[in-house]
Amino acid sequence: MNDFYSSTVLQPGSELPLYRQVHQRFIRAIRQGILLPGQRVPSVRALASELQISRNTVEVAYDLLIGEGYLEARGQAGTVVSPNLNLERLQKQPEAGSASEAPPRPANHSVYDAATHEKPLPYQLGLPALDLFPHKLWAGLNTRQLRLQSKMLTYPAPAGFQPLREAIAGYLHLSRGVDCSPQQVFITAGYRGAMTLLGRTLLRPMDEVWLEDPCFPPTRHLMAEMGAQLVPVPVDEEGMRVEEGKARALHARFALVTPAHQSPLGVSLSLKRRMELLAWAESHNAFVIEDDYDSEYRYDGQPLPSLSSLGASDNVLYVGTFSKVLSPALRLAYLVVPKRLVPRFNESCHTLNDGCPLLSQGVVVDFIKEGHFTRHLRKMRTAYAERRQMVIDSLLNEFGQRMNFSAPACGLHLLARLGSEEDDQLLAQRARERQFGVAALSARSMENDCGKGLLLGFANVATPEQAASLARGLRLSMEAAH
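Residues numbered from 1 in each chain as written. Predicted model: local features only at pLDDT ≥ 70, side-chain atom pairs only at ≥ 80, totals over all residues. Heavy atoms only, no water.

Novice: Mind showing me how you'd approach the packing of helix H2 (residues 18–31) against helix H4 (residues 55–67) here?
Specialist: Packed helices, taken two at a time, are described by the angle between their axes plus the distance between the axes. Where H2 contacts H4, the two axes come as close as 8 Å, and the packing angle between them is 45 degrees. As summarised for this structure, H2 and H4 are arranged oblique, according to the angle between their axes. By crossing handedness, the relation of H2 to H4 is classed as right-handed. Here H2 contributes Leu-18, Tyr-19, Arg-20, Val-22, His-23, Phe-26 and Ile-27 to the contact with H4, which in turn contributes Thr-57, Val-60, Ala-61, Tyr-62, Leu-64 and Leu-65. (Axes fitted to C-alpha atoms, helices over the stretch in contact; angles between N-to-C directions. Helix = DSSP H or I, 4+ residues; strand = E, 2+ residues; numbered from the N terminus. Parallel < 35°, antiparallel > 145°, perpendicular 65-115°, else oblique. Left-handed = near helix turned anticlockwise from the far one by under 90°. Contact = heavy atoms within 4.5 Å.)

Written out as structure tokens, the structure is:
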């Protein structure tokens, strides 16, 4: 392995988290010409072993570097230093860690620090509205659960707290049409926990997996790390192009899709394609992994039916999460598996899963069963619809025809389409240097051209004044890159 990697000494006791130390060392090596554009970097597993740190730490650092445009993931071909980097510009910038490195922050707005999780970055992706979380109610439910659970100090059930499994099964039956028993519901430590449980139970080395292209980067990295052979399948206005998937890998064992709100394009999988996908899975004994991460938020009609509700649930693995509807700090997600696979997943849970904290699970049970969850979702849909339009209006006021918002009105992020002549990765990089939490659309493509654009979260933009100020600051950051 290159001397750069083996000589990278980390400081576990430092105030700077380990993933940030790895992140800064990569940037410094790229600026100094030690790592060159197009050069392949070690896999997450290999670098974690070399540095004697956790794979998760390296994965977080890689995800950050990919999101910032320094690295580029190429599926089975590995991860490389981005060939599109402007080395001359990078070399003129201050070294990481210098006093002059800190970029100017948007005026009148607190900045989120990924290490302390204090406040969100402007336009940060993946976060619900933190200012609308029901803190007082949640504190009361926590206090009650602490009293009730004073005798429940043993290990939590690996498959999940039974009352929560029952509450989720009831919620899915009513809201998403998913006909499942509580025994089919497995509680996991976040989305990553659900995917890891699924992969370690069913995924075999070199199994082919259809993956939407473009896609959510952590999913791509996680599946590759578990040994999957990724098959990028293009996405258009009707979602994943199923016929293209069959042409590329007819006998693939999995298809991983975000049918309600494709990440990142925002489109929904059409009913025709849903039926084609389910028919393929049934006829080839394959599995469809339905990532239903934010289907609750649709602002121009009712949520679309889940794949599991369309009559072929024996081949569908349904993944849901409380991160988008409540808070990512809960680290609670769930996986619904076909009845025939329940014994296998129970066995995997006892082997691989330590369970999730009982307190959090108990509070969520009360939150659902007492009707707070339904009321919270109704309140959030109204607020998000308003915030979404407010952010769009503010951006159009600043950017005019330079941005186009054509994706359906759903989810928690916006796709601002840009012209083909724009360099969205450079624009996103410059915006991030000024502490905006935006991402480039083209950086999420594996093989297929998905166009140029910026991805922006809108959930934490609370007022028209804040929206206008942020839009103006984003425009100024992008003009600096023009």
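Back to the write-up after that little detour.
Novice: I keep staring at helix H11 (residues 271–283) and nothing clicks. Help me out?
Specialist: Given 3.6 residues per helical turn, the α-helix brings residues three or four places apart onto the same face. The end-to-end C-alpha distance of H11 is 18 Å, a good match for the 18 Å that 13 residues give at a rise of 1.5 Å each. Within H11, burial applies to Arg-273, Arg-274, Glu-276, Leu-277, Leu-278, Trp-280 and Ala-281. (Expected span 1.5 Å × (residues − 1). Buried < 20%, exposed > 50% of the residue type's maximum accessible area, 1.4 Å probe, protein only.)

Novice: How do you make sense of the nonpolar core when you look at a structure like this?
Specialist: Among soluble globular proteins, nonpolar side chains are generally buried collectively. Counting residues in hydrophobic clusters, the biggest one holds 67 residues, and the most contacted among them are Tyr-123, Phe-322, Tyr-334, Leu-395, Met-403 and Leu-474. Top contributing element to this core by residue count: helix H14 (residues 372–399), with ten residues. Counting residues domain by domain, this core receives three or more from each of domain 2 (134–373) and domain 3 (375–479). If near-sequence neighbours (up to four positions away) are discounted, Phe-322 is found in contact with Ile-168, Ser-327, Leu-330, Leu-332, Tyr-334, Val-364, Ile-368 and Phe-373. Listed in part, the 29 residues of the second largest apolar core include Ala-194, Leu-230, Leu-256 and Val-342. (Core = buried A, V, L, I, M, F, W, Y, C linked by side-chain atoms within 4.5 Å. Domains from an automatic or database assignment.)

Novice: Looking at this structure, I do not really get helix H9 (residues 217–225). What am I missing?
Specialist: Counting buried positions over the nine residues of H9 gives eight, a clear majority of the element. Turning to H9, its buried residues number three or more, namely Pro-217, Pro-218, Thr-219, Arg-220, His-221, Leu-222, Met-223 and Glu-225. Looking one or two places after H9, you find Gly-227, whose phi comes out positive at around 100 degrees.

Novice: Help me understand the sheet that holds strand E12 (residues 413–418) in this model?
Specialist: By way of backbone hydrogen bonds, the strands of a sheet pair with one another, either parallel or antiparallel. With respect to topology, three strands assemble into an open sheet ordered E12-E14-E13, the strand pairing being antiparallel. Taken across any chain shown, the strands that pair with only one partner, and hence form the sheet edges, are E12 and strand E13 (439–440). In this structure, E13 lies alongside strand E14 (residues 452–457), joined through two bridges in antiparallel fashion. Across the sheet, the residue bridging to Ala-439 is Leu-455, located in E14. (Pairing = 2+ DSSP bridges.)

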